[in-house]
Amino acid sequence: MEKHINNAEQSLIQALKQGSHKAFDRIYQMYSKRLYAYSLQFTKSPEEAEDIVQDVFVKIWTNRDHIRQNETLRSLLFIMAKHHLINAYRSRLNHPVYEEYVKYTETLSADDAHYNLEYNEFAQYVRSTIRTLPPTQQKVIVLSRMQQLSNKEIAEKLSLSKQTVKNQLSLGLKSLKDKLGEVSFILTLLLIN
């Protein structure tokens, strides 16, 4: 059955590249709810999440001639949503309240260098924190957040039950949130790189 779904999506992608509105609508039906749920978990705003989904699909339509994916659009769509989320997060960083916070941290002494962590240092910190988790939780988080696999796909890949995958993902993310504290909002965005 999964092979049938893949073949159907391949046909839809080909039709989309040729300008089929029907194929576009079908792809939208296949992915819009998942992209919305994914975006909502970060934005916490239904309006923003909906805007991100709309922007992603507008870009898919306007750039349909340049789509290189032939089998599935899943990764492309989630990567595009991720970039929109990062841009939305950055725009919040330009908010006056955040600017005041930045000015405050700049006045701190050199001893407070942890306020000035560079992105790469932070990303390394997140990766090393993931490595402190039990092996199954590490694998499940990497497959879920970095490779965008569904719980079912992860279960098949790791020979686990779907419920075990769900439990391990939940436990792993909770542990990471506890260990990373305030930065947990952007944690998953970094993991998707």
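Every chain is numbered on its own, with residues counted from 1 as its sequence reads. Local features in this predicted model are restricted to residues of pLDDT 70 or higher, and side-chain atom pairs are both shown and tallied only at a pLDDT of 80 or more, whereas totals for entire chains, interfaces and linings draw on every residue. Remark: hydrogens and water are excluded; side-chain values derive from all non-hydrogen atoms of the structure.

Visitor: Please explain the packing of aromatic side chains as it appears in this structure.
Guide: By convention here, two paired aromatic rings are described through the distance between centres and the angle between planes. Within 6.5 Å between ring centres, the rings of Phe, Tyr and Trp (the latter by its six-membered ring) count as paired, and their orientation is classed by plane angle as stacked under 30 degrees, edge-to-face over 60, tilted in between. Inspection of the entire model under this criterion finds 4 aromatic pairs. Geometrically, the ring pair formed by Phe 24 and Phe 57 is edge-to-face, given 6.0 Å between the ring centres and 80° between the ring planes. Here the residue Phe 24 occupies a position in helix H2 (residues 21-43), and Phe 57 occupies one in helix H3 (residues 46-62), the gap between them amounting to 33 residues. The exposure class of Phe 24 is buried, given its relative accessible area of 15%. Judged by centre distance (5.4 Å) and plane angle (70°), the rings of Phe 24 and Trp 61 are edge-to-face. Of this pair, Phe 24 sits in helix H2 while Trp 61 sits in helix H3, placing them 37 residues apart in sequence. Counting every residue linked through ring pairs, the aromatic cluster contains Phe 24, Tyr 28, Phe 57 and Trp 61. The rule is short: NZ of Lys or CZ of Arg within 6 Å of the ring centre and within 35 degrees of the ring normal puts a charge over the ring. Across the ring face of Trp 61, the terminal group of Arg 64 is positioned such that the distance to the ring centre comes to 3.9 Å. Helix and strand definitions here come from DSSP, where helices need a minimum of 4 consecutive H or I residues and strands a minimum of 2 consecutive E residues; each element is numbered from the N-terminal end. Each residue is placed in one exposure class: buried if its accessible area under a 1.4 Å probe, protein chains only, is under 20% of its type's maximum, exposed if it is over 50%, and partly exposed if it falls in between.

Visitor: How do you make sense of the side chain of Gln 168 when you look at a structure like this?
Guide: Structurally, Gln 168 is set in helix H9 (residues 162-180). Relative accessible area serves as the criterion here: at 18%, Gln 168 is assigned to the buried category. Every residue pair with non-hydrogen atoms within 4.5 Å of one another is taken to be in contact. Discounting chain neighbours no more than four positions away, the residues touching Gln 168 are Thr 136, Gln 137 and Val 140.

Visitor: When you look at the environment of Ser 20 in this model, what are you seeing that I'm missing?
Guide: Within the secondary structure, Ser 20 is located in the loop between helix H1 (2-17) and H2. The spatial distance from the C-alpha of Ser 20 to the C-alpha of Trp 61 is 9.7 Å, given a sequence separation of 41 residues. What Ser 20 contacts, discounting residues up to four positions off in sequence, is Ala 15 and Trp 61. N or O atoms within 3.5 Å of each other form a polar contact, as long as, within protein, one can give a hydrogen and the other can take it, and as long as residues adjacent in sequence are counted only when both atoms are side-chain atoms. Within the structure, Ser 20 has its side chain in polar contact with the backbone nitrogen of Lys 22 (distance 3.4 Å).

Visitor: What is the right way to look at the pattern of salt bridges in this model?
Guide: Side chains that carry opposite charge are capable of pairing whenever their charged atoms lie near each other. Any carboxyl oxygen of Asp or Glu that lies within 4 Å of a side-chain nitrogen of Lys or Arg is treated as forming a salt bridge with it. As enumerated under the stated definition, the model contains 1 salt bridge in all. With a shortest N-O distance of 3.4 Å, Arg 74 and Glu 153 are connected by a salt bridge. Of this pair, Arg 74 sits in helix H4 (residues 74-93) while Glu 153 sits in helix H8 (residues 151-158), and the two are 79 residues apart along the sequence. For Arg 74, a relative accessible area of 16% translates into the label buried.

Visitor: Could you clarify how one ought to interpret the nonpolar core in this entry?
Guide: The definition of a nonpolar core used throughout is a set of buried Ala, Val, Leu, Ile, Met, Phe, Trp, Tyr and Cys residues joined through side-chain atoms within 4.5 Å. With 24 residues, the main nonpolar core has Leu 16, Leu 35, Phe 57 and Leu 77 as its most contacted residues. Of all the elements in the fold, those that place two or more residues in this core are H1, H2, H3 and H4. Excluding residues that lie within four positions of it along the chain, Leu 35 makes contacts with Val 53, Val 56, Phe 57, Leu 77, Phe 78 and Ala 81. Residues Val 126, Leu 133, Val 140 and Leu 169 belong to the second largest nonpolar core, which totals 11 residues.

Visitor: What exactly am I supposed to notice about unusual backbone geometry here?
Guide: Most peptide bonds adopt trans geometry, and most residues besides glycine take a negative phi value. A positive phi angle, close to 55°, is found at Ser 159, a residue other than glycine. Tracing the backbone shows Ser 159 in the loop between H8 and H9. Given a relative accessible area of 67%, Ser 159 falls into the exposed group.

Visitor: Help me understand the packing of H2 against H3, please; the structure alone is not making it clear to me.
Guide: Describing two packed helices takes the angle between their axes plus the distance from one axis to the other. Interhelical geometry of H2 versus H3 gives an angle of 145° and a closest axis separation of 8 Å. In terms of crossing hand, the pair formed by H2 and H3 is right-handed. Across from His 21, Phe 24, Ile 27, Tyr 28, Tyr 31, Ser 32, Leu 35, Tyr 36, Ser 39, Leu 40 and Thr 43 in H2, the residues of H3 making contact are Pro 46, Glu 48, Ala 49, Glu 50, Ile 52, Val 53, Gln 54, Val 56, Phe 57, Ile 60 and Trp 61. Every axis corresponds to a line fitted to the C-alpha atoms, with the helix fit spanning only the stretch in contact, and the corresponding angles, defined between N-to-C directions, vary from 0 to 180 degrees. Two helices that cross are described as forming a left-handed crossing if the nearer one is turned anticlockwise from the farther one by less than a right angle, and a right-handed crossing if clockwise.

Visitor: When you look at a negative patch on the surface in this model, what are you seeing that I'm missing?
Guide: Only residues whose relative accessible area exceeds 30% and that take part in no salt bridge are eligible for patches, with like-charged residues grouped when within 9 Å of each other and nonpolar side chains (Val, Leu, Ile, Met, Phe, Trp, Tyr) grouped when within 5 Å. Areas reported here follow the Shrake-Rupley algorithm with a probe of radius 1.4 Å; residue values treat only the protein chains shown as occluding. As used throughout, the charge tally considers Lys and Arg to be positive and Asp and Glu to be negative, leaving His and the chain termini uncounted. Working definition for charges: the position is that of NZ of Lys, CZ of Arg, CG of Asp or CD of Glu. Together, Glu 47, Glu 50, Asp 51 and Asp 55 give the surface a local cluster of negative charge. Assignment of secondary structure puts Asp 55 in helix H3. According to the relative accessible area criterion, Asp 55 is partly exposed, its value standing at 36%.

In short, shape yes, function no, at least from these values alone.
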